[in-house]
Amino acid sequence: MPRLIVSRISVLLTTSLMLAACATGPGVEGASGGGIAPGPDTASNGPAAESVAANTGPVAPYPIKNPLTATVLGTPDKLKAKLPEDAPITVRQIEPLIARDTPSTLRYARPLNYMFTPQAKPAPLAFVIAGTGSSALSSKCVLLSRALYAAGYSVACLPSPTAVTFMLGAAEHPVPGRMPTDVADLYRLMHAVRDDAASQIDITGYGLTGWSLGATEAAFVARHDATAADADERFDFSRVVLLNPAVSVWDSVGRMDALLDKSLPGGITQVPEFLAKGLGGLKNVYAKNESLRFNEDFLYKAYESGAADQDDIGALIGLAFRLSLANMAFAADVLSHSDVIVPEDVDLGPYDDLGVYFQRSFSMTFDDYIEQLLVPYWNRDGRSVPKAELIREADLHSIAAFLAADDDMRVFTSADDPILGDSEVAFLRDTFGERARVRPNGGHMGNLSYQKTIAALQDYFAP
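So, a few notes on the structure that sits alongside this text.

Here is what the cut-offs are and how they apply
- Residues numbered from 1 in each chain as written.
- Predicted model: local features only at pLDDT ≥ 70, side-chain atom pairs only at ≥ 80, totals over all residues.
- Heavy atoms only, no water.
- Buried < 20%, exposed > 50% of the residue type's maximum accessible area, 1.4 Å probe, protein only.
- Helix = DSSP H or I, 4+ residues; strand = E, 2+ residues; numbered from the N terminus.
- Pairing = 2+ DSSP bridges.
- Right-handed = clockwise from strand over helix to strand, strands pointing away.
- Core = buried A, V, L, I, M, F, W, Y, C linked by side-chain atoms within 4.5 Å.
- Contact = heavy atoms within 4.5 Å.
- Phe/Tyr/Trp six-rings, centres within 6.5 Å; stacked < 30°, edge-to-face > 60°.
- Expected span 1.5 Å × (residues − 1).
- Salt bridge = Lys/Arg side-chain N within 4 Å of Asp/Glu carboxyl O.
- Patch = residues over 30% accessible without salt bridge, like charges linked within 9 Å, V, L, I, M, F, W, Y side chains within 5 Å.
- Areas by Shrake-Rupley, 256 points an atom, 1.4 Å probe, with all protein chains shown as cover.
- Lys, Arg positive; Asp, Glu negative; His and termini not counted.
- Charge placed at Lys NZ, Arg CZ, Asp CG, Glu CD.
- Axes fitted to C-alpha atoms, helices over the stretch in contact; angles between N-to-C directions.
- Parallel < 35°, antiparallel > 145°, perpendicular 65-115°, else oblique.
- Nonpolar A, V, L, I, M, F, W, Y, C, P; charged D, E, K, R; others polar.

When you tally the buried positions in strand 7 (residues 409–414), you get five out of six residues, the bulk of the element. The pairing of strand 6 (residues 239–243) with strand 7 spans four bridges and is parallel. Paired with Leu-242 across the bridge in strand 7 is Val-411. You can see the chain leave strand 7, run along helix 17 (residues 422–432) and come back into strand 8 (residues 436–439), and the turn it takes is right-handed.

Structure representation (structure tokens):
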């Protein structure tokens, strides 16, 4: 949501603290090696190589059995993978791929950028596609960049097509949700990033991964690349890993919407009460002489102590999703002049009161987004795409034959992932066969930083 909203509606300030617990590790601000110089050789020695070796030893089982709790708490510190602190993570800016005026309320989302972690020697380049609403600066980008850097890759982490920065600078159609166009935009961005990165490093090949919605998009990007008409433009990915993908995007987001509707039937008006309740029980988790760090390990201690109300975990997940949706919907409405959230004749300035528009955005469910923004957009100005087609295009069942035949692709997920139904977990098992790594517990991305998950990722990506 535009920064002005955050400053005027105090609930988002509190929410941002709660949602920080859903992230694994620090964001780019806390990343080591912020310069652009390539880091140390990772081939056989040094901290990066040592971290890979450290992740292959014995480790206790992932401890959190409740999938919603795992989704929020993530992995306890003592079970997290060892990752190099000297990875040379930086952020590079590229020119917008689309000529588009930036509304005053969205200027915070400029410029278009990507997270870049270069190797010192010739190496393959791994692309990472961020999950729903995430920019290239997210904490999971840092985590995966460090993991793949340690495995010998240069890494480029890209924003999600649902992130406002992508909608402004890379999307031909600024209303995310139609898979073929989102994938085409990603593919174009990947070429721009490759060209930019090639001026800094020697690229010997390509890998691809993504998490959550980004994993689903990675599957479609791999298929797009394999069927590209111009062979010279293909990446020919040698490794593709889908991390907790949605099978049917629409079914998965419907499940997230339901979590919020069930737990907070009062909608936005109930959020301050919910957050006050949730934070109130956490103050005694740390001893008085301990420095308080609001992260995964803090919430895990709260969970063990009983201070975290497990009944409210679902509401927290649903709230995180709804805030991402509200952010995307507001930007999509403004950029497409859809007259759904902001009246078309209203020209918002940087200091205008956006409270009423936040209320409208936050009240919008994903069904509302489809019916009021996505479907109307794709059925105006000469476009004609039925709702059923939009839904079918965003379902991995539509490319099942490709997924079954691509021996270079793997899927990592959890049997209890709350964005998946039992039939969808079975679909992934049946389609990928031995190429599917399905852990019994972990929820949605909760075990991403778990030592065994990172070890399996690094083992498969090893050049």
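Here the narrative resumes, following the displayed structure.
Moving on to the nonpolar core. As a rule of thumb, nonpolar side chains are buried together in soluble globular proteins. Grouped together as the largest cluster of nonpolar side chains are 100 residues, with contacts concentrated most on Phe-127, Leu-208 and Tyr-369. Of the residues forming this core, the biggest block, twelve residues, is contributed by helix 12 (residues 313–336). For Phe-127, the contacting residues outside a window of four places in its chain are Ala-156, Leu-158, Met-190, Val-193, Arg-194, Tyr-206, Gly-207, Leu-208, Thr-209, Phe-235 and Phe-237. Grouped together as the second largest cluster of nonpolar side chains are 29 residues, Ala-87, Cys-141, Trp-211 and Leu-457 included.

Time to look at the packing of aromatic side chains. Tallied over the entire structure, the rule returns 14 aromatic pairs. A ring pair is formed by Trp-250 and Phe-366, whose centres lie 5.1 Å apart and whose planes are at 35°; its orientation type is tilted. Highlighted residues: Trp-250 in helix 9 (residues 249–263) and Phe-366 in helix 14 (residues 366–377), separated in sequence by 116 residues. Here Trp-250 and Phe-366 have matching classes, each one buried.

Time to look at unusual backbone geometry. The linkage connecting Arg-110 with the following residue, Pro-111, adopts the cis geometry, with an omega of 0°. Position of Pro-111 among the secondary structure elements: in the loop between strand 1 (90–93) and strand 2 (113–117).

With that settled, the discussion passes to helix 12. In a regular helix each residue adds 1.5 Å, so 24 residues correspond to 34 Å; helix 12 covers 35 Å between its end C-alpha atoms and thus fits that length. Phi turns positive one or two residues past the end of helix 12, at His-337, with a value near 50°.

Here we come to the pattern of salt bridges. The full count for this structure, using the stated rule, is eleven salt bridges. With its nearest N and O atoms 3.2 Å apart, the salt bridge here joins Asp-77 to Lys-80. Looking at Asp-77, the relative accessible area reads 38%, which means it is partly exposed. Measuring nitrogen to oxygen at the nearest pair gives 3.8 Å for the salt bridge that ties Arg-146 to Glu-85. In this pair, Arg-146 is assigned in helix 5 (residues 139–150) and Glu-85 in the loop between helix 4 (67–73) and strand 1, connecting sequence segments 61 residues apart. A relative accessible area of 7% places Arg-146 in the buried class.

Another aspect to go through is a negative patch on the surface. Together, Asp-195, Asp-230, Asp-232 and Glu-233 line one region of the surface with negative charge. Within the secondary structure, Asp-195 is located in helix 7 (residues 179–198). A residue is classified by how much of its surface remains accessible, and Asp-195, at 53% relative accessible area, is exposed.

For the rest of this paragraph, the subject is the packing of helix 7 against helix 8 (residues 213–226). In a packed pair of helices, the relevant descriptors are the angle between the two axes and the axis-to-axis distance. At their nearest, the axes of helix 7 and helix 8 sit 9 Å apart, and the two run at 75° to each other. The angle between helix 7 and helix 8 places the two elements in the roughly perpendicular class. In contact with Met-179, Val-183, Leu-186, Tyr-187 and Met-190 of helix 7, helix 8 contributes Thr-216, Glu-217, Phe-220, Val-221, His-224 and Asp-225. Looking at the contact of helix 7 with helix 8 residue by residue, the class counts come to seven nonpolar, two polar and two charged.

The subject of this paragraph is the pairing of strand 4 (residues 154–158). Among the five residues of strand 4, five are classified as buried, and the element is accordingly described as predominantly covered. A two-sided burial pattern is seen for strand 4, the buried positions comprising Ser-154, Ala-156 and Leu-158 on one face and Val-155 and Cys-157 on the other. In the sheet, strand 2 pairs with strand 4 via three bridges, with the strands oriented antiparallel. Residue Thr-117 lies in a different strand from strand 4, and its bridge partner there is Val-155. Both strand 3 (residues 123–129) and strand 4 contribute to a ladder of five bridges, which runs parallel. What sits directly across from Ala-126, in strand 4, is Val-155.

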